[in-house]
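# Summary of the model geometry
Below, each chain spelled out in residue letters.
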Amino acid sequence: MKMFFVLVVTTSLFIKSYTQELFKVISVNGEILAQKANLKLQSGINIPSDEKFLFIVPNSRAALINPKLGRVILTEQNSNNAFSKAAFAPPISTTSTRGISKSLFEETGVSYSFNNHSILVIVNSINQLKTMFSNELIIIDQLELKLNIPTYPINQNQYFFIRYLYKGEEINKKLKYKNDTLIINKKDLYTVDGQPIPNPDVNEMKLYYYEIMDENVKLSQISSFNLIFIDSEVLKKECSIILETLHNQPKQQKIQEIYDYVCSYYAPIDYDYLKVWLSNHFDLK
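Residues numbered from 1 in each chain as written. Predicted model: local features only at pLDDT ≥ 70, side-chain atom pairs only at ≥ 80, totals over all residues. Heavy atoms only, no water.

### Concerning the overall build of the protein
A tally of helices and strands in the protein yields six helices and 19 strands. For the protein, the residues scored as buried account for 44% of the 285 residues in total. Within the protein, counting contacts between residues at least 6 apart in sequence, those at least 24 apart form 58% of the total. (Helix = DSSP H or I, 4+ residues; strand = E, 2+ residues; numbered from the N terminus. Buried < 20%, exposed > 50% of the residue type's maximum accessible area, 1.4 Å probe, protein only. Contact = heavy atoms within 4.5 Å.)

Structure representation (structure tokens):
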């Protein structure tokens, strides 16, 4: 009976300890209230795993992290069991066993470097260009695209533009360029009649190459893709929270954990692209 009592007490203490694990909020989309604490979730605060949540704005979500248990994406659908073991990303302690994610563009040989506050991508073939602008393309603030493709010169009569639909209206945005380098940023792309689009709801974009030849014009569609911009300052804050949580982990595990977070919370990002950004802002190589 005494042993049984000790076992019950020990088990109860274990459950109590587990249910009160603290998770640090990495980021929040929308508005979520921690009901017990009567506190709205925001980046950087700690939330116990036995908390109850009220989703004030529909489809809100939050990413949270615990140094022992890993990351979790909190949504309205999983709020009742978001902190159960099955909901976690693989534990941080096993990051090294997940393997190092490869570049999405590894087979095409795209290379990256950091250039004047934005990432420069060097593209050497049409295939590389089509691969980049397919499926989902993530850009952190701004992307510079250096084209070493003789068949696609860039000048006043030969240039690239992106087409998308906004509120049923077809929008064509000529891409800025400097010599042989295209420049893509959110401010230029999401401006209509001189007015910025604050929250663009654009499902698909198309990349075209336009040529004016004497009195004729030629229009070539390169590819279709979805575009996601990430604000660099926001991402730096989110990465800082992850790195603070993982301060005792090796650099490679920190990189992998940030990569996994971006892929799960935003969209799949090219591993080498993210590594260049992290190297510049956090000295993670």
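Resuming the write-up.
### Considerations on the pattern of salt bridges
Should their charged atoms come close, side chains of opposite charge can pair. This model, assessed by the stated rule, comprises eight salt bridges. Residue K146 pairs with D180 through a salt bridge whose shortest N-O separation is 2.8 Å. One end of the pair, K146, is in strand β11 (residues 142-147); the other, D180, is in the loop between β14 (176-178) and β15 (181-185), with 34 residues separating them in the sequence. Judged by relative accessible area, K146 falls into the partly exposed class, the value being 24%. Residue classification places D180 among the partly exposed positions, given a relative accessible area of 27%. (Salt bridge = Lys/Arg side-chain N within 4 Å of Asp/Glu carboxyl O.)

### Notes on the packing of aromatic side chains
Under the defined criterion, the tally for this structure stands at 16 aromatic pairs. Taken together, a centroid distance of 5.6 Å and an interplanar angle of 85° make the contact between Y265 and Y266 edge-to-face. Following the ring pairs from residue to residue traces out a cluster consisting of Y159, F161, Y208 and Y210. R61 extends its terminal NZ or CZ atom over the ring of Y265, reaching a point 4.0 Å from the ring centre. (Phe/Tyr/Trp six-rings, centres within 6.5 Å; stacked < 30°, edge-to-face > 60°. Lys NZ or Arg CZ within 6 Å of the ring centre and 35° of its normal.)

### Quick notes on the nonpolar core
In terms of nonpolar packing, the biggest core is built from 64 residues, with L129, L145, F160 and Y164 touching the most fellow members. A total of seven residues in this core trace back to one element, the largest contributor, which is helix α5 (residues 251-265). With residues near it in sequence (within four places) discarded, F160 still touches L129, L147, Y152, I154, K174, L175, L182, L207, Y208, Y209 and I222. The next biggest cluster of nonpolar side chains, apart from the first, holds 16 residues, and it includes V25, A34, F53 and V72. (Core = buried A, V, L, I, M, F, W, Y, C linked by side-chain atoms within 4.5 Å.)

### A few points about the pairing of β11
Where strand β9 (residues 118-123) lies against β11, five bridges are found, and the strand directions are parallel. Its bridge partner lying in β11, V121 is registered against L145. One ladder, built from five bridges, connects β11 with β15; its direction is antiparallel. Bridge pairing in β15 links E144 to I183. (Pairing = 2+ DSSP bridges.)

### A word on the packing of helix α4 (residues 232-245) against helix α6 (residues 271-282)
For the pair α4 and α6, the least separation of the axes is 12 Å and the interaxial angle reads 80°. Comparing the axis directions of α4 and α6 gives the class roughly perpendicular. Here S232, L235, K236, C239, S240 and L243 of α4 come into contact with α6, specifically with W277, L278, H281 and F282. (Axes fitted to C-alpha atoms, helices over the stretch in contact; angles between N-to-C directions. Parallel < 35°, antiparallel > 145°, perpendicular 65-115°, else oblique.)

### Section: the confidence of the model for the protein
Residues with a pLDDT of 70 or more make up 84% of the protein, whose mean pLDDT is 85. Overall, residues 1-18 carries pLDDT values under 50, and its contacts beyond four positions in sequence, including any with other chains, amount to six contacts. (pLDDT = per-residue confidence, 0-100.)

### Things to note about the sheet that holds β9
The strand order across the open sheet built from five strands is β8-β9-β11-β15-β14, with neighbouring strands paired in mixed fashion. Only two strands of the sheet have a single partner each, and these edge strands are β8 (111-115) and β14. Direction aside, the axes of adjacent strands within the sheet are offset by 30° on average. Taken together, the three bridges between β14 and β15 define a ladder with antiparallel strand orientation. What sits directly across from K176, in β15, is I183. Lying on the sheet, α6 is in contact with β8, β9 and β11; it crosses β8 at an angle near 25°.

### Topic: the side chain of N185
By the element assignment, N185 lies in strand β15. A polar side-chain atom of N185 sits 3.0 Å from a polar atom in the side chain of Q142. Within the local environment of N185, its side chain forms a polar contact with the backbone nitrogen of K187, the two atoms lying 3.3 Å apart. The contacts of N185, once residues within four sequence positions are left out, are D141, Q142 and F229. (Polar contact = N/O pair within 3.5 Å; in protein donor to acceptor, adjacent residues only side chain to side chain.)

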